[in-house]
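# Descriptive structure summary
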Amino acid sequence: MEVKEAGYVGEIYRISGPLVVAEGLKARMYDLCKVGEEGLMGEVVGLVGQKVLIQVYEDTEGVKPGDKVENTGMPLSVELGPGLIRNIYDGVQRPLPVLKEVSGDFIGRGIEAPGLDRKAKWEFKPLVKKGEKVKPGEIIGTVQETEVVEQKILIPPNVKEGVITEIYEGSFTVEDTIAVLDDGTELKLYHKWPVRIPRPYVEKLPPVVPLITGQRILDTFFPVAKGGTAAIPGPFGSGKTVTQHQLAKWSDAQIVVYIGCGERGNEMTEVLEEFPELEDPRTGKPLMERTVLVANTSNMPVAAREASVYTGITIAEYFRDMGYDVAIQADSTSRWAEAMREISGRLEEMPGEEGYPAYLASRLAEFYERAGRVKTLAGNVGSVTVVGAVSPPGGDFSEPVTQNTLRIVKVFWALDAKLAARRHFPAINWLQSYSLYVDTLKDWFAENVNEEWNELRRWAMEVLQEEASLQEIVQLVGSDALPESQRVLLEVARIIREVYLIQYAYHPVDTYCSVEKQYDMLKAIKQINDWFYQALEAGKTIDEIAGVEGMEEFARAKFEENYKPALEAALEKIRKNLLGE
Amino acid sequence: MKMKEYKTITQVAGPLVFVEKTEPVAYGELVTITLPDGSTRRGQVLDTSKDVVIVQVFEGTRGVDTSSTVRFTGDIVKLNCAQDMLGRILSGSGEPIDGGPKIVPEERRPIVGAAINPYARQYPREFIQTGISAIDGMNTLVRGQKLPIFSGSGLPHNDIALQIARQAKVRGEGEEFAVIFAAMGITYEEAYQFMKEFERTGALERAVVFLNLANDPAIERLLTPRMALTAAEFLAYEYDLHILVILTDMTNYCEALREISAAREEVPGRRGYPGYMYTDLATIYERAGRIRGRKGTITQMPILTMPGDDITHPIPDLTGYITEGQIVLSRELHAKGIYPPINVLPSLSRLMKEGIGEGYTRDDHPQWNDQMYAAYAEGVDLRGLVAIVGEEALSERDRLFLKFADEFERRFVQQGRYEDRDIEYTLDLGWELLSMLPERELTKVERKFIEKYHPKYRKGETKTEEAAEEAS
């Protein structure tokens, strides 16, 4: 990033926290600058007359007016190539392990660290030959990056169409030339892409395949499609981060990008310590082998937090362009919005609602719109699914970030502090949440799981809805006053809640529940429901029905690695005790 | 470095002083202002440009006039760090106020600590036994955690903090915690209570106290927690000590932050607090933790009073989003005469899952915890129903849960200020309460634990009843 021309060096006029104003500097919006003697990274966010406003990604203490500012003339970009997987980056794609090597346990300032390792060698296998014509976005070869992930090396989308004049096979660093085009363009294993510009694709496709998460309440009741968008708002302590971690662990995406945006340091450490130990249920390999982490914790500079979601989604789009299904977890988008608010406040912009900038809604929309299932330039199908956590102040969903997010996303998983307080986890409120993909995904579930799936789902949801209205009566007069058939319904609803909806994230078996198991469990509950009503007709009392022997075993069957025999044995016991031989 | 002195104050607004026509002054630079009467005030550069420099004055601007001299020191705010800090009482800005000698610095550290690289952190796992059942059993604290107490005015949060400071230990290790106590805007009486207790138990020898009392300048409070944490980092990482940092009262800190923000005429966020309060609080709270390869640890216990007991107020709200859980005190329990009045339902420890169970506390602890929570939550819900339909209308089962909730508060949560319960006692006591419920209601614990710990299956073994008698 050497500075080329005169005019690209200016002088600092003013410093106010992360905002630096420079003068005498030639700059375009979003140019990357190096600020002060230490060369702190910053980005141009405004131009006022002769003055250039720069948001700085590092702490500005000790920087003085009169210090120099250099404009690199490049927008903030990420490096895309082999070496991304298993890495952990800060908000501007500096690898944290490298920062630790350079500055120790605490993050120093002014450290330049390229996103990709310059020394590592990768085995490149070409897929095209000399003389072949190639288009932007086309795959020209592969690198086996981890045991699980094969990186496809693409012609960068910003390179012109051409004919391959040279292409080499063998072991290369990311900076070596692996191919040459007829116009002299040298291609490398990596290329750079500006984070604020969405990567191009041919067209968006309808989202008709679910992202299976292994979480019963999500897959069964509120599924998200591959390429879809979902939001998890909830007050603190309601389980946003645990849910995000569960999605990162178990969703059936090929690549997971996890963005820790302004959250706790220990949560990132947890991911770092846990993911290499956990096995992907589909490949049997450690989950870390498909994961990229972006960590800009709450105490790291606020401007880099603003950039971190763009860094993350650009990396996600890059893997999408190879034809992969990518899931991106952003925890939390509220911290991102707050970073925007903070920068906007320093810029003295006219505030919108609650001090957030007026462009909050459009920025959120732009971000979520980068999700999607697409036909890539190479002709494959790839997808980026975005799940954003929202941390509404005081758990109040009417605040601007939650509201503006809900206007965009198609799936809403509402976390509920009351459920969390009684340790009902995942604390997702089944009456408030919704998924607009239920209809588009119907066919997939009917074809790939069971044709009864949709009917079972509808039935279970109806029971839960019915329970909610009956509960209002129970609150007033007690459950004794209800007719027996309604008390049976309450009991069935209780089973759905306690056995089906409650899922233990920290139980080795229950943490992940395949769709087949989900179907078996739901089907069994429906079966029990039918027997309950038969027993009632046969004259059993509600207490006899609710207290039937076998329910305890039934509730525990989900914890068995091999759940089917346990489930069947429990069912058989319940049937015998209720209806006799 | 050449000292730069100016007599060009053009404006004084609240805690801010505006100085013009200066040489370049660095952002964050430490400033000394000399008043016409010769007294000095310290401040820090908040905003700097070629035309005007804005200085926030820690000791207040009373008496500052346009003829005062402003000196930019070329340095940033630092704390004199030394092992000798232990046993000392310092002011809110780090000067000794106990009449003792000056602290000879081994190192001068900037009080704004750099962020710990998440890659360098080690996940906290070691169980800290506080001897308080409602914490150890229900919301376990681990070493390196930041767990605040959300209190209200008039509640005994100080007693609880003291009890924790007195009793906290990691089992199997004789080593005690060194306590760093930072008081921000609390009254002399409260501070006196802490000091007396520290002296009485001899804990002062292993403590560093930073005092900013209610009548000390409000803006100084912005320094106090950072001073305290800088001392904590020095002692933890240079001298391998396990540090417990108690910060009280964070509400006063936030008020000071709001005052500065208002004086700068910034766009306010919720309830007038600045939009960057989350980031600012994070730079304090995130300084807790453990680092791979280093022996010392920093555990934080900030105390804050929720204005109007409102947990959705920006101060507790933003705190809860940063800290790893919270201990919530309840006025209702306090009114019932229960000490410590910890309401376990909204309380939470995010790190407990890794610090409890076999090898940490006891194998039954995780499921025991779920069961205790579920049973108590159900009992509390039923109280609402009783208020409407009366206890007679309840089923036998419901009445048992109601009784459980009462006993839970009266026997489990309630304990003496000097009662130090070990974790086995806490867990057994829980089992004793659970045994009031029919066994088939204990759905959250596995059969094997019921058979191992349920009083019905271990007659004559439990020692809690006798112990309870002794205690009473």
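In short, a report on the structure. Small disclaimer: the values here were computed from a predicted structure and weren't measured. (Residues numbered from 1 in each chain as written. Chains lettered and ligands numbered in written order. Predicted model: local features only at pLDDT ≥ 70, side-chain atom pairs only at ≥ 80, totals over all residues. Heavy atoms only, no water.)

### Some remarks on the overall build of chain A
- What chain A contains, in helices and strands, is 16 helices and 26 strands.
- Its C-alpha atoms give chain A a radius of gyration of 27 Å, near enough to 25 Å, the size a compact globule of 581 residues would have.
- Overall size of chain A, expressed as C-alpha extent along the three principal axes, is 95 × 55 × 40 Å.
- Taken across its 581 residues, chain A has 61% of its residues classed as buried.
- Looking at chain A alone, contacts between residues at least 24 apart form 70% of all its contacts between residues at least 6 apart.
- Accessible area for chain A stands at about 21,300 Å²; split by element, carbon and sulfur atoms hold 50% of it.
- Each charge class in chain A can be summarised by its mean position, and for the 65 positive and 90 negative side chains these summaries are 2 Å apart. (Helix = DSSP H or I, 4+ residues; strand = E, 2+ residues; numbered from the N terminus. Rg over C-alpha atoms; globule rule 2.2 N^0.38 Å. Buried < 20%, exposed > 50% of the residue type's maximum accessible area, 1.4 Å probe, protein only. Contact = heavy atoms within 4.5 Å. Areas by Shrake-Rupley, 256 points an atom, 1.4 Å probe, with all protein chains shown as cover. Lys, Arg positive; Asp, Glu negative; His and termini not counted. Charge placed at Lys NZ, Arg CZ, Asp CG, Glu CD.)

### Examining the sheet that holds strand 13 (residues 162-167) of chain A
Residues and elements named next belong to chain A.
- Read across the sheet, 4 strands follow the order 10-13-15-16 without closing on themselves; strand pairing throughout is antiparallel. Lying at the two open borders of the sheet, with one neighbouring strand each, are strand 10 (133-134) and strand 16 (186-188).
- Looking at chain direction, strand 13 and strand 15 (residues 177-181) are connected through 3 bridges and run antiparallel. Paired with Glu166 across the two strands is Val180, which belongs to strand 15. (Pairing = 2+ DSSP bridges.)

### Details of the interface of chain B and chain A
- With 77 residues of chain B in contact, the opposing surface of chain A contributes 73 residues.
- Interface of chain B and chain A: buried area, both sides summed, is about 6,300 Å²; carbon and sulfur atoms make up 54% of it.
- For chain B, the biggest contributors to the area lost against chain A are Tyr27, Lys50 and Tyr321 of chain B; these three give 13% of the whole.
- Run the count over chain B and chain A and you get 7 salt bridges.
- Taking the shortest distance from any N to any O, the salt bridge between Asp105 of chain A and Arg294 of chain B comes out at 2.7 Å.
- Applying the counting criterion to the chain B and chain A interface returns 34 residue pairs in polar contact (both at pLDDT 80 or more). (Buried area = accessible area lost by both parts, 1.4 Å probe. Salt bridge = Lys/Arg side-chain N within 4 Å of Asp/Glu carboxyl O. Polar contact = N/O pair within 3.5 Å; in protein donor to acceptor, adjacent residues only side chain to side chain.)

### Some remarks on the sheet that holds strand 15 (residues 169-170) of chain B
Residues and elements named next belong to chain B.
- The antiparallel open sheet is built from 3 strands, whose spatial order is 13-12-15. Every other strand in the sheet has two partners, leaving strand 13 (141-142) and strand 15 as the edge strands with one partner each.
- Two elements, strand 12 (residues 127-129) and strand 15, share 2 bridges in a ladder whose sense is antiparallel. When the sheet's bridge partners are listed, Ile128 is paired in strand 15 with Val170.

### Describing the packing of aromatic side chains
Residue and element names in this part refer to chain B.
- The tally for this structure, following the rule as stated, stands at 26 aromatic pairs over all chains.
- Ring geometry for Phe194 against Phe198: centres 6.3 Å apart, planes inclined by 45 degrees, an arrangement best described as tilted. With Phe194 and Phe198 both in helix 3 (residues 188-200), this residue pair falls 4 residues apart, about one helical turn. You'll find Phe194 and Phe198 in the same group, each marked buried.
- Centre to centre, the rings of Phe408 and Phe412 are 5.1 Å apart; their planes meet at 20 degrees, and the pair counts as stacked. Taken as a pair, Phe408 and Phe412 lie in helix 11 (residues 396-413) at a separation of 4 residues, close to a single helical turn. (Phe/Tyr/Trp six-rings, centres within 6.5 Å; stacked < 30°, edge-to-face > 60°.)

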